[in-house]
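Reading the structure
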Amino acid sequence: MKVLFGFFTAVAIFHGLTSVICAQETISLIRDDQKATPVQAYRPKMAFCSGIAIVSPGAGGSEQGYRYLGEALSSLGYLTVVTGHQESGLRVLRDQAFRNGLRRGLAELITDPDAYRGRFMDLAAATRWAQDQCGSSKFILIGHSMGAATAMIAAGAHNHLGSNGTNAFSAYIALSPQGAGLIFPENAWADIKAPMLMLTGTRDTELGGGSWETRTEAFKNMPAGCKWLGVIEGATHMNFAGIGRSRSVEAVTAQTIGAFLDGVHRGDCRLEKPIDGVQIDTK
């Protein structure tokens, strides 16, 4: 906000400082089962709220992570809420790894139907809270790893877990999406009609060491209509969580998300110009 005269300038500066202080906040929300779930909220960095973005972390992640997404989306005018997932957070992952070893423990966690039921209750609580804060009808769900599986199921992907999505969001973004395997059968994504952006990297290997290229299966199986697949050269699985030497991956991811959402809201889903560092296919 630019105000030119004394008193109004002082008021603008005060409100600007207040918005910076209050831009990020940790909140405890109550789920449908009356359990509390922590979320990190990033207020829009502009005078109006252009939409709501809910971020679902990977297994072992928390509401304290994915700050780069919170900041990038808030800069685009989105009220962004990063959810905690107590049934699939760090404590649960540690317990599974202690009992079964890391690889098997992680496999057990990402295929636990109860963990996904908890996740969907977390998402519902976050969405209700965000609706009270922002009047926009635009709802975006973003997930990484197990969160990407959560987003795919929410969008309508068939799965081995018995979970049914409600397709309640305007668009979906899956970072490190899975191929057919532990969670999804072959052709799991054929009925997904909603806009979807999928991002992976050439070092984003699957659990068990499978090639990153399996993460492109969902895109290939989905029907045409506002579907994007981006492959970032050299990006690892954890780079999408903001871990490791991830700054360049974070920047490309944020730019690609911004371009995708622009296309969704324009209604043509067109990639207007290439983005350095990522190969994007659309259909």
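Going by the structure above, here's the rest.
Residues numbered from 1 in each chain as written. Predicted model: local features only at pLDDT ≥ 70, side-chain atom pairs only at ≥ 80, totals over all residues. Heavy atoms only, no water.

A few points about the environment of Gly-201
Note the following rule: A run of H or I in DSSP becomes a helix once it reaches four residues, and a run of E becomes a strand once it reaches two; helices and strands are each numbered from the N terminus. When accessible area is computed with a 1.4 Å probe and restricted to protein chains, residues below 20% of their type maximum are described as buried, those above 50% as exposed, and intermediate ones as partly exposed. Contacts: residue pairs with any heavy atoms within 4.5 Å of one another.
Within the fold, Gly-201 resides in strand S7 (residues 196-203). Residue Gly-201 is classed as buried on the basis of its relative accessible area of 0%. The sequence separation of Gly-201 and Trp-212 amounts to 11 residues, and the corresponding C-alpha distance is 6.9 Å. Non-local contacts of Gly-201, meaning those with residues more than four positions away in its chain, are made with Trp-212, Val-231, Ile-232, Ala-235 and Phe-240.

Focus on the packing of helix H5 (residues 113-133) against helix H6 (residues 146-155)
Inclusion rule: Between N-to-C directions, angles cover 0 to 180 degrees, with each direction set by a line fitted to C-alpha atoms, over the stretch in contact for helices. For this classification, under 35 degrees means roughly parallel, over 145 means roughly antiparallel, 65 to 115 means roughly perpendicular, and everything else is oblique. Residue classes follow a fixed rule: Ala, Val, Leu, Ile, Met, Phe, Trp, Tyr, Cys and Pro count as nonpolar, while Asp, Glu, Lys and Arg count as charged, and any other residue, Gly among them, counts as polar.
Packing of H5 against H6 brings their axes to within 11 Å, and their N-to-C directions diverge by 75°. Here H5 lies roughly perpendicular to H6, going by the angle between them. For the pair H5 and H6, the contacting residues are Ala-115, Tyr-116, Arg-119, Phe-120 and Leu-123 in the first and Met-146, Gly-147, Ala-149, Thr-150, Ile-153 and Ala-154 in the second. The residue makeup of the contact of H5 with H6, split by class, is eight nonpolar, two polar and one charged.

Here's the deal with the packing of aromatic side chains
For clarity, the cut-off: When two rings of Phe, Tyr or Trp (its six-membered ring) have centres within 6.5 Å they constitute a pair, described as stacked for plane angles under 30 degrees, edge-to-face for angles over 60, and tilted for the intermediate range. The rule is short: NZ of Lys or CZ of Arg within 6 Å of the ring centre and within 35 degrees of the ring normal puts a charge over the ring.
In this structure the tally under the stated criterion is three aromatic pairs. Here the guanidinium or amino end of Lys-283 rests over the ring plane of Phe-219, the centre of that ring lying 4.8 Å away.

Some thoughts on helix H2 (residues 67-75)
Turning to H2, its buried residues number three or more, namely Tyr-68, Leu-69, Gly-70, Leu-73 and Ser-74. For H2, the secondary structure elements touched by its buried residues are strand S2 (36-42), strand S3 (51-56), strand S4 (78-83), strand S5 (139-144), strand S6 (171-175) and helix H8 (247-266). Within two residues after H2, Gly-77 carries a phi angle of roughly 95°, on the positive side.

Section: the pattern of salt bridges
The following threshold applies: Throughout this description, the term salt bridge denotes a Lys or Arg side-chain nitrogen within 4 Å of a carboxyl oxygen of Asp or Glu.
Across all of its chains, the model carries 15 salt bridges by this definition. Residue Arg-31 is joined to Glu-87 by a salt bridge in which the shortest nitrogen-to-oxygen separation is 2.8 Å. Of this pair, Arg-31 sits in the loop between strand S1 (24-30) and S2 while Glu-87 sits in the loop between S4 and helix H3 (90-100), and the two are 56 residues apart along the sequence. With relative accessibility at 1%, the residue Arg-31 sits in the buried group. For Arg-91, the salt bridge identified is with Asp-95, shortest N-O distance 3.5 Å. Placement of the pair is Arg-91 and Asp-95 together in helix H3, with a separation of four residues, close to one helical turn. You can call Arg-91 exposed: its relative accessible area is 56%.

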